Amino acid sequence: MELSTQHIETLVLHAGIEPDPSTGAIMTPIFQTSTYVQAAPGDHKGYEYARTQNPTRDVLQKNLAALEGMDHGLCFSTGMGAIDACVKLLQPGDEVVSTNDLYGGTYRIFTKIFQPYGIKFNFVDMSDLSAVQSAITSRTKMVWIETPTNPLLRIIDIQSVAQLGKSVGATVIVDNTFSSPYLQQPGKLGADIVMHSATKYLNGHSDVVMGVLCTSSQELRDRLAFIQNSCGATPGPMDCFLVLRGLKTLHVRMQRHCENGKVIAHWLKSHPKVGQVYWPGFEDHFNHEVAKKQMNDFGGMISFTLKSNSVESAMQFLKSTQLFSLAESLGGVESLVGHPATMTHASIPKEEREANGLKDSLIRLSVGIEHIDDLIADLEQALSAVTE
Ligand SMILES: *Cc1c(COP(=O)(O)O)cnc(C)c1O
């Protein structure tokens, strides 16, 4: 059966996965080795040194490529390692157009690491296509999209922005971390490279950090594999095994994340102490129509403000949740809560934060797969601790 005709529920379990030829082991072994014995110089079984190739990693890479509906996958030690490899496709003088609502680590590597090497980054509101159009020039060699964005869950029209990028021959990259291929496959919408922090939904169990790049271009794959091997941000075989294991339940987890997310988003919206709720599934969410078109469902990420909009009331809430653990990161089976103004976005000055719509009381939820009644009960008791 052709991979391209199979559903993601089947691909997560079978794509690229064969019983181990030497033993019949149904689960991909952890090839914990740094090197491989050669019969004579150059006479080997396709594996020479573990930075370059590892059989556990190979299987994971094939599986991930199939999930994104693309031909090639490459795994990195972290999401940032994957992003780093993408920017190294560029030369000094090249320009990148990206969104002004970007993951903080991506913004940091762009502006603090690569800008000094002579690469120019333009950040625009990518939900506004005319802003993208006017930022793109003949020097634009890369367009970097992230959607839904963090923490306001803005939706960018991948297909339209990709078309604008293609019109000047730029490489279009989508950071698909917040959606996972279960919700959105940017390769089908024109992305040349799909990037993930596998640390989040792909692994899903909060016990690994890893990055992924998928592409259908042989040329891009070869250049990225060269960078991967030259720069060395490759993952270990144990981590590859764990992500392969986590992926087997991606569809089941994502379905529950979405179901729980939907109930919580609506519940929050009707709560008297809650101000605004950001969730792309609301019909009045900006670009809801685009979300409906390019996503299969709306995910488990929700942000909301408190009516009082003070840091103090946010603190009262954050100290009171019990099932929602206060922590950075997202996409694991257990529910997490975060406070962008003091955690992920603390390095951005308050005026700039507020101008971007990021209020002091904004709280971000990564809704897990616990029983919905228990999650609601936890949010209810935490909101009752808010005195203002
Ligand atoms: C976490 C994250 C990254 C960075 O990935 P790491 O695995 O932490 O290095 C990049 N983009 C998004 C959207 C993320 O959430």
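Model, not experiment: these values are computed from the prediction.

Caption draft 1: Expanded view of the domain arrangement of the protein. Domain boundaries assigned for the protein yield domain 1 (8–247) and domain 2 (250–384). Each of domain 1 and domain 2 has a C-alpha centre, and the two are 26 Å apart. With 34 residues of domain 1 at the interface, the matching set in domain 2 holds 39 residues. Where domain 1 abuts domain 2, roughly 3,100 Å² becomes buried across the two surfaces, and 60% of that area is made up of carbon and sulfur atoms. Seen at the junction of domain 1 and domain 2, the total is 1 salt bridge. Residue aspartate 157 is joined to lysine 293 by a salt bridge in which the shortest nitrogen-to-oxygen separation is 3.6 Å. Inspection of the domain 1/domain 2 interface yields 15 residue pairs in polar contact (both at pLDDT 80 or more). It is helix H7 (residues 180–183) that provides the largest number of residues to the side of domain 1 that touches domain 2, a total of 4 residues. Residues belonging to the side of domain 1 that touches domain 2 are distributed by class as follows: 17 nonpolar, 13 polar and 4 charged.

Caption draft 2: Seen up close, the pairing of strand E12 (residues 363–366). Residues Ile363 and Leu365 line one face of E12 and the alternating positions Arg364 and Ser366 line the opposite face, and both faces are buried. Bridge analysis of strand E9 (residues 301–306) against E12 gives 4 bridges, and the strand direction is antiparallel. Pairing of methionine 301 across the sheet is with serine 366, part of E12. Note that strand E11 (residues 336–338) and E12 share 3 bridges and pair antiparallel. When the bridges of E12 are listed, valine 337 appears paired with leucine 365.

Caption draft 3: Quick peek at unusual backbone geometry. With omega at -5°, the peptide bond leading from threonine 147 into proline 148 counts as cis. Positionally, proline 148 belongs in the loop between strand E4 (140–146) and helix H6 (158–166). A positive phi angle is found at asparagine 287, which is not glycine, with a value near 70°. Within the secondary structure, asparagine 287 sits in the loop between strand E8 (274–278) and helix H11 (288–294).

Caption draft 4: Main features of the site of the ligand. Lining the immediate surroundings of the ligand are 13 residues, of which Met80, Asp175, Ser197, Thr199 and Lys200 lie closest. The contact in question runs from a nitrogen atom of the ligand to an N or O atom on the side chain of aspartate 175, over 2.7 Å. Burial of the ligand by the protein amounts to 92% of the accessible area it has alone, namely 370 Å².

Caption draft 5: Structural detail: the packing of helix H3 (residues 79–87) against helix H4 (residues 104–114). Where H3 meets H4, the closest approach of the two axes is 11 Å, and the angle between their N-to-C directions is 45°. It follows that H3 is oblique to H4 by the angle criterion. Crossing of H3 over H4 shows right-handed handedness. Along its contact with H3, which presents Met80, Ile83, Asp84 and Val87, the element H4 presents Gly105, Thr106, Ile109, Phe110 and Phe114. Partitioned by chemical class, the residues of the contact of H3 with H4 number 6 nonpolar, 2 polar and 1 charged.

Caption draft 6: Focus on the sheet that holds strand E3 (residues 120–124). Ordered by their spatial adjacency, 7 strands build an open sheet running E1-E7-E6-E5-E4-E2-E3, and the pairing between neighbours is mixed. Each end of this open sheet is capped by a strand with a single partner; those strands are strand E1 (72–76) and E3. Put simply, the sheet's adjacent strands are angled 20° from each other on average, direction ignored. The pairing of strand E2 (residues 95–99) with E4 spans 4 bridges and is parallel. Within the sheet, the bridge partner assigned to valine 97 lies in E4 and is valine 143. Against the sheet, H4 contacts E2, E3 and E4, and its axis sits at roughly 150° relative to E3. The sheet strands contacting H6 are E4 and strand E5 (171–175), and the helix crosses E4 at an angle near 170°.

Caption draft 7: View of the side chain of serine 313. Of note, serine 313 is situated in helix H12 (residues 311–320). Overall, serine 313 belongs to the buried group, its relative accessible area being 0%. Here the side chain of serine 313 touches serine 308 through a polar contact of 2.7 Å, side chain to side chain. Once residues within four sequence positions are removed from consideration, serine 313 is found in contact with Leu306, Ser308, Val386 and Glu388.

What counts and how
Residues numbered from 1 in each chain as written. Predicted model: local features only at pLDDT ≥ 70, side-chain atom pairs only at ≥ 80, totals over all residues. Heavy atoms only, no water. Domains from an automatic or database assignment. Contact = heavy atoms within 4.5 Å. Buried area = accessible area lost by both parts, 1.4 Å probe. Salt bridge = Lys/Arg side-chain N within 4 Å of Asp/Glu carboxyl O. Polar contact = N/O pair within 3.5 Å; in protein donor to acceptor, adjacent residues only side chain to side chain. Helix = DSSP H or I, 4+ residues; strand = E, 2+ residues; numbered from the N terminus. Nonpolar A, V, L, I, M, F, W, Y, C, P; charged D, E, K, R; others polar. Buried < 20%, exposed > 50% of the residue type's maximum accessible area, 1.4 Å probe, protein only. Pairing = 2+ DSSP bridges. Near = heavy atom within 4 Å. Areas by Shrake-Rupley, 256 points an atom, 1.4 Å probe, with all protein chains shown as cover. Axes fitted to C-alpha atoms, helices over the stretch in contact; angles between N-to-C directions. Parallel < 35°, antiparallel > 145°, perpendicular 65-115°, else oblique. Left-handed = near helix turned anticlockwise from the far one by under 90°.

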